[in-house]
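Report on the structure
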Amino acid sequence: MYQTYPSVVRLQIHLPDRHQVHFRSTDSLSNILTNERNSRTMLTEFFNINNSNQNHRGYFYTDFPKHYTWNTNSKTWHKRRRRQKVVARMYSVHPSEGERFYLRLLLNHIRAPRSFQHLLTTGTTLHPTFKTSAEHYGLLEQDNSLHTCMRDARSFQMPAALRSLFTTILLFCNPTNVRELWNDNYSAMTEDYVTSSSVNHVYIVNKLLREIDNILQQHSKSITQFDLPQMSQQFQNITTSSTLIAEELLLPVSTIDLHSVSSLNERQSYIFHTITECARQGNDGMFFIDGPAGTGKTFLYKAIIAHLRHASHIVLATASSGIAATLLPGGNTAHLRFKIPIPIEPGSYCKFGKTSAMQELLQQCSAILWDEAPMSHKHIFEAVDRSFRDVLDTNLPFGGKLIIMGGDFRQIPPVVLNGTVSQIINASIVTSPLWLSVRLLSLNENMRAVNDQAFSEYLLRIGNGTEPTYADGMIHIPTSMVIPWDGDNSVSVLINNIFSNISSTTTTYDYWENRALLSPLNEDVAYLNEKCLHVFPGEETVYYSFDSVDDDKFNLYPQEFLNTVSASNMPPHKLSLKKGAPIMLLRNLNPLSGLCNGSRLICRHFSKNLIEAEILTGQHKGKPVFLPRIPLKNTGDQHMPFELTRKQFPIRLSFALTINKSQGQTIQHVGLYLPSPVFTHGQLYVALSRGITSANIKVLAKNSAVPGHSGTYTQNIVYKDILSKVNIEVHLLFCTSLQLS
Ligand SMILES: Nc1ncnc2c1ncn2[C@@H]1O[C@H](COP(=O)(O)OP(=O)(O)OP(=O)(O)O)[C@@H](O)[C@H]1O
C-alpha cells in the first residue's frame, strides 16, 4: 500500500481485550501486561475520541481516518491538518468468526460509539452478545421473521390483506415450513368467510385454497407446488380455465366508466364506436390508439372496457407497465397476463400451451387491450403474436383476436440497456412487421390541460420536437415555471412549492396523488426523497436490508460493500420511513389487487418484519395491504460480476419519482428537478405533461443558460425517426377525413 493514492488505512477490529500486542522476546510478561500503551488500539482510541466528544459530527469507524490520522508510535489519533483522499477499511471478518463478525456489523452501522458496552446497549438494555445487539438494531435477520410477520399482520384483523400477504410469502420468500404458517394463520385468514354457523369447515378450507391459487396463477404457480392441504375433488372440478373465465366475467363494471361514454369528445367517440362495433361483430383486427399525453386514452379505454364488459364480453386489460395496469379496471401487466419470458429473445414464445387455461381464456375473449404499448420491446409483441397464432391454430396476426394497443410514441421508448439511439428505435414496435397490420386511430385534444391551451400547445411542440432549439437541443422553459438554480436552497424552494405545508398538514390521499417531484435519475430521486423525509413530520423508522451473494465462500464481497450497491429495481440497504409518508412498490406482488411495480402507497404502521400501507392510486385506492421483506435479486445487471440478494421491503419513498415511473399518471403539482438534463427520448415531455396547467409546474434546472440568450433552457430529446415511422401528422389528416366523411 506504500505510496498508493488515495492512501488506504486498514482498521483494526477485535473483541474486548482480544487485540494483538507486539513485544520483544526479552520483555517480561508483567511489563507487557502493565504497559498502558499495549492496551491501546485503533478501535479503543476511536472509542476514546468519541467519549471526549471530539467526534461531534458522529463519524463511522470507517469514515474516521478521513478526518483523523493514526500515529503508530504513540498509538493515538490526531486531527488531520490537510484534506486528503483516504480509503479506510476494517479488516474483513468471515461470518463463521461469530462475535467479531457481529461487532464489525455494528461498527458499520453505529456512528461514534463510545465503547464496546455502548455497542452492546440498545435503550436501557445491555445485551449479552454483539449478535443479540445486532439483532436488536435490525441488522440481522431473525430465524422466525416470517412467523412474526404473519403474527403482526393477524393483529390487524384484515383477513383479505392477510391472505394476500400469505400468498406473497409463498411466492417470494421461500418459507421452509409452509404447513406451519398455514396452520397458524388459517383461522385469521378465513375470519370473514364464516358468515353463518352452517358454513362447514371443508368449504372454508377449499374456498381459501381457491383464493390463494388464483393469486398464485398470476405468477404461473399453483397451490400444488406448496405443502398445503389438498383441494377437494369438487373444488378441483372448477378448473383453472373456468376460474380465469369466471373471474373476467365477474369483474365489476364501473357505472362512472359506463356513463362516461356520453362525455367522450368527437374523436374519442369515433374510436369508441369503431372498436366496440368491431368487438360486437366478433371481428379481428389490430388497432393502435395514438394520442399525445392527456388526450384521454385511458379515459377512452375505460369507457370501451365498461361498455364491452357490460354486454358480457371478456376484455383482457393489460399494460406494459405496472402503474398503467393499475389504472385499468381488472388490469394486469402484459408480462404476467401473457406469461412473457424474461429476458425476451427474437424467437421467444410465451409460457402457455395449447391445452392451457390461457388458451381457453383467449378463445373466449372478445378483445385485448394493451396500454403503453410504445414502452415494450417489439420482440415482446412478436412473442405474444407467435404464441397466440400457435395456441389458437391460425396464422392471423395475434391469432385473429381483436387487439387494441394504445400509447404515445412521444413518450418513453423501450429500455435497451446501454443501447444506442438506433438500437432503441429498432426496438420499437413501429419497426416490427406487425406494425404493417396496425390500423392507427388518433386523439389530439389535450383533456388534461384543457383549460390551458397555450400550455397544451407548448407540450405538443416539445413532444413532437418542434419547439425551437438553441445550442445542443436546448429549449426555452417559460419563466413562470422556473425556479432559479441556487444549489441546495433552491431544492428546498422546489420542495416547499410542491409540498406546501408538508411539515404541518395532515395529508390526505388526494394531497399525495396530486403531487410529485420528478427527476430523470434514480440517485437524484433518492436525494429528493431523503430531503423530503427530513422535513416530513414524525419519527423515522429505519429498516436495514440483509445482503448476500450466493456461494461467496471466501467472503470476497464484504457486507459493507454489498450494502452500498444501489440499482433502479432495488430498495436501498438503509430504508428510512415515516408514518404517513408516500412509498412506491418495486415488484409486481399482486397486480389484480393493485400491487404492481410502480404502485404508490402510504405507510400506516411499522413492525420489525411487516409494513402496513394503503394503496394511493388507481382502481384499488384506499385498500389496506401488508408488505413483508422479500429477497430481491439484481438479475440482469451487466455491470455487476455477481448476483446480489437483498432482503428488504420491496419499496422506496415516493415524494419523488423517476420520470419513467410517472408515465400514465395525472399529477396536478409537478416539480421537475434537473441537476442534469434528461437523457432519452420523450422524458422531458412525459415529465411536463403530467401537469394540468403551467401554473402548477415548477422546473429547477442546473446549467440552464444558453450563451447570448436570457432565460432558462434545458435539453429536449426527441427521436424523430420513431415519430416519422408512426407518421402521426399524416394520420391525423386521415382521421379527420374519416370523421368528416
Ligand atoms: N372526454 C373526457 N371528458 C372529461 N375528462 C376527460 C375526458 N377525456 C379525458 N379526460 C380527463 O383528462 C385527463 C387525462 O386523461 P387520460 O389520463 O385518460 O389521458 P392519457 O391520454 O391516458 O394520458 P397519458 O398519455 O399521459 O397517460 C384525466 O383526468 C381524464 O379524466
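Residues numbered from 1 in each chain as written. Predicted model: local features only at pLDDT ≥ 70, side-chain atom pairs only at ≥ 80, totals over all residues. Heavy atoms only, no water.

Going by what an unreviewed UniProt entry lists, the protein chain is known as ATP-dependent DNA helicase and is assigned to Platanthera zijinensis. The Catalytic activity (unreviewed entry) field of the UniProt record for the protein chain holds the comment "ATP + H2O = ADP + phosphate + H(+)". As its UniProt record puts it under Sequence similarities (unreviewed entry), the protein chain is described as follows: "Belongs to the helicase family." (UniProt positions renumbered as here; feature names shortened; annotations may be inferred.)

Quick word on the overall build of the protein chain
Secondary structure summary: the protein chain contains 28 helices and 29 strands in total. Relative to a compact globule of 741 residues, whose C-alpha radius of gyration would be 27 Å, the protein chain shows 29 Å and is just as compact. Each principal axis of the C-alpha distribution contributes one length, and for the protein chain these read about 105 × 80 × 50 Å. Counting across all 741 residues of the protein chain, residues that qualify as buried make up 55%. Sequence separation of 24 or more characterises 72% of the internal contacts of the protein chain that already satisfy a separation of 6 or more. For the protein chain, the accessible area works out to roughly 33,400 Å², and carbon and sulfur atoms hold 50% of it. If the 67 positive side-chain charges of the protein chain are averaged to one point and the 59 negative ones to another, these points end up 6 Å apart. (Helix = DSSP H or I, 4+ residues; strand = E, 2+ residues; numbered from the N terminus. Rg over C-alpha atoms; globule rule 2.2 N^0.38 Å. Buried < 20%, exposed > 50% of the residue type's maximum accessible area, 1.4 Å probe, protein only. Contact = heavy atoms within 4.5 Å. Areas by Shrake-Rupley, 256 points an atom, 1.4 Å probe, with all protein chains shown as cover. Lys, Arg positive; Asp, Glu negative; His and termini not counted. Charge placed at Lys NZ, Arg CZ, Asp CG, Glu CD.)

Regarding the pattern of salt bridges
All told, the structure shown has 24 salt bridges when counted by the stated rule. Of the charged contacts in the structure, one is a salt bridge between K647 and E141, with a shortest N-O distance of 2.4 Å. On the criterion of sequence distance, the pair formed by K647 in strand β24 (residues 644-648) and E141 in the loop between α5 (130-136) and α6 (145-154) is long-range, its members being 506 residues apart. Residue K647 is classed as buried on the basis of its relative accessible area, which comes to 13%. (Salt bridge = Lys/Arg side-chain N within 4 Å of Asp/Glu carboxyl O.)

A few points about the packing of aromatic side chains
Two measures describe an aromatic ring pair: the distance that separates the ring centres and the angle between the ring planes. Under the definition given, this model contains 35 aromatic pairs. Ring geometry for W70 against W77: centres 5.1 Å apart, planes inclined by 55°, an arrangement best described as tilted. A connected cluster of aromatic rings, assembled from ring pairs, spans F46, F47, Y61, F64, Y68, W70, W77, F116 and F130. Its end group placed over the ring of Y91, R10 keeps NZ or CZ at 4.7 Å from the ring centre. (Phe/Tyr/Trp six-rings, centres within 6.5 Å; stacked < 30°, edge-to-face > 60°. Lys NZ or Arg CZ within 6 Å of the ring centre and 35° of its normal.)

So, the site of the ligand
Around the ligand, the structure places 17 residues, and the nearest of them are Q268, K297, T298, F299 and R690. Taking F299, its main chain carries an N or O atom lying 2.9 Å from an oxygen atom of the ligand. About the coverage of the ligand: the protein hides 79% of its 630 Å² of free accessible area. Partitioning the shell around the ligand into residue classes produces five nonpolar, nine polar and three charged. (Near = heavy atom within 4 Å. Polar contact = N/O pair within 3.5 Å; in protein donor to acceptor, adjacent residues only side chain to side chain. Nonpolar A, V, L, I, M, F, W, Y, C, P; charged D, E, K, R; others polar.)

Digging into unusual backbone geometry
Cis geometry is found at the peptide bond from I342 to P343, where omega equals -5°. Tracing the backbone through its elements, the reader meets P343 in the loop between α16 (334-337) and α17 (357-364). At S312, a position not held by glycine, the phi torsion is positive, near 65°. With respect to the secondary-structure elements, S312 resides in the loop between α14 (297-310) and β8 (315-319).

Let's talk about the sheet that holds strand β13 (residues 469-470)
One key point about sheets: their strands pair by backbone hydrogen bonds, in either a parallel or an antiparallel sense. Taken in spatial order, the three strands of this open sheet run β13-β14-β29, and their pairing is antiparallel. Single-partner strands in this sheet number two, and they are β13 and β29 (712-715). Where strand β14 (residues 474-477) meets β29, four bridges bridge the pair, whose relative direction is antiparallel. Directly across from I475, in β29, lies its bridge partner T714. (Pairing = 2+ DSSP bridges.)

Brief notes about the nonpolar core
In this structure, W182, F499, L577 and F655 are the most contacted members of the largest nonpolar core, which totals 82 residues. If one sorts the elements of this core by residue count, helix α7 (residues 159-172) sits on top with eight residues. In this structure, I403, I424, M481 and V678 belong to the second largest nonpolar core, which totals 73 residues. (Core = buried A, V, L, I, M, F, W, Y, C linked by side-chain atoms within 4.5 Å.)

Some details on the side chain of S704
Relative to the helices and strands, S704 resides in the loop between β28 (697-701) and β29. Exposure remark for S704: the relative accessible area of 15% places this residue in the buried category. Apart from residues lying up to four places away in sequence, S704 is in contact with G711, T712 and Y713.

Focus: the UniProt feature "domain: DNA helicase Pif1-like DEAD-box helicase" (unreviewed entry) in the protein chain
Feature annotation in UniProt assigns "domain: DNA helicase Pif1-like DEAD-box helicase" (unreviewed entry) to the following positions: residues 264-469. Between the C-alpha atoms that bound residues 264-469 there is a distance of 35 Å. The span itself is 38% helix and 15% strand.

As for the UniProt feature "domain: DNA helicase Pif1-like 2B" (unreviewed entry) in the protein chain
Mapped onto this numbering, the UniProt entry annotates "domain: DNA helicase Pif1-like 2B" (unreviewed entry) at residues 560-603. For the annotated span residues 560-603, helix accounts for 11% and strand for 27% of the residues, and the straight-line distance between the end C-alpha atoms is 28 Å.

Concerning the pairing of strand β20 (residues 600-607)
For β20, the tally of buried residues reaches six of eight residues, placing the bulk of the element in the interior. Pairing of strand β19 (residues 582-585) with β20, which is carried by three bridges, proceeds in the antiparallel orientation. From the neighbouring strand, P582 faces β20, where its bridge partner is I602.

Observations concerning the domain arrangement of the protein chain
Domain parsing of the protein chain yields domain 1 (7-130), domain 2 (145-238), domain 3 (255-449 + 726-740), domain 4 (466-534 + 655-717) and domain 5 (537-654). The centre of domain 2, based on its C-alpha atoms, is set 44 Å off from the matching centre of domain 4. (Domains from an automatic or database assignment.)

Regarding the environment of M405
Considering the arrangement of structural elements, one finds M405 in strand β11 (residues 402-407). Along the primary structure M405 and A373 are separated by 32 residues, whereas in three dimensions their C-alpha atoms are 6.0 Å apart. Setting aside its immediate chain neighbours within four residues, M405 contacts M286, F287, F288, I289, W370, A373, F381, I429 and V438.

Some thoughts on the environment of D488
Turning to its location among the elements, D488 is positioned in helix α21 (residues 487-498). Sequence separation between D488 and L528 is 40 residues; the distance between their C-alpha atoms is 10 Å. Residues within four places of D488 in sequence aside, it is in contact with Y527 and K531.

Some details on the sheet that holds strand β7 (residues 285-290)
Within the open sheet, the six strands sit side by side as β9-β8-β10-β11-β7-β12. Their pairing is parallel. Looking at which strands have only one partner, the edges of the open sheet turn out to be β9 (332-333) and β12 (438-442). In this sheet, β9 lies alongside β8 in parallel orientation, the contact comprising two bridges. What sits directly across from T318, in β9, is N332.

Some words on the packing of α21 against helix α23 (residues 522-535)
At a minimum axis separation of 11 Å, α21 and α23 run at an interaxial angle of 70°. The angle between α21 and α23 places the two elements in the roughly perpendicular class. The hand of the α21/α23 crossing is right-handed. In this structure, α21 uses D488, V491, S492 and I495 to contact α23, whose residues at the interface are Y527, L528, K531 and C532. When its residues are assigned to classes, the contact of α21 with α23 shows five nonpolar, one polar and two charged. (Axes fitted to C-alpha atoms, helices over the stretch in contact; angles between N-to-C directions. Parallel < 35°, antiparallel > 145°, perpendicular 65-115°, else oblique. Left-handed = near helix turned anticlockwise from the far one by under 90°.)

Looking at α6
Of all the 10 residues making up α6, seven are buried; the element is thus mostly covered by neighbouring parts of the structure. Along α6, the positions that sit buried rather than exposed are S145, L146, T148, C149, M150, D152 and A153. Tucked into the core, α6 has its buried residues touching α7, α8 (178-189), β20, β21 (610-615) and β22 (624-628).

Description of the pairing of β21
Burial analysis of β21 places six of its six residues in the buried class, which makes it a mostly covered element. Taking every second residue as pointing to the same face, both faces of β21 are buried, with L610, E612 and E614 on one and I611, A613 and I615 on the other. One ladder, built from six bridges, connects β20 with β21; its direction is antiparallel. Bridge pairing links L601 to I615 in β21. Hairpin remark: β20 followed by β21, antiparallel, with two residues in the connecting loop.

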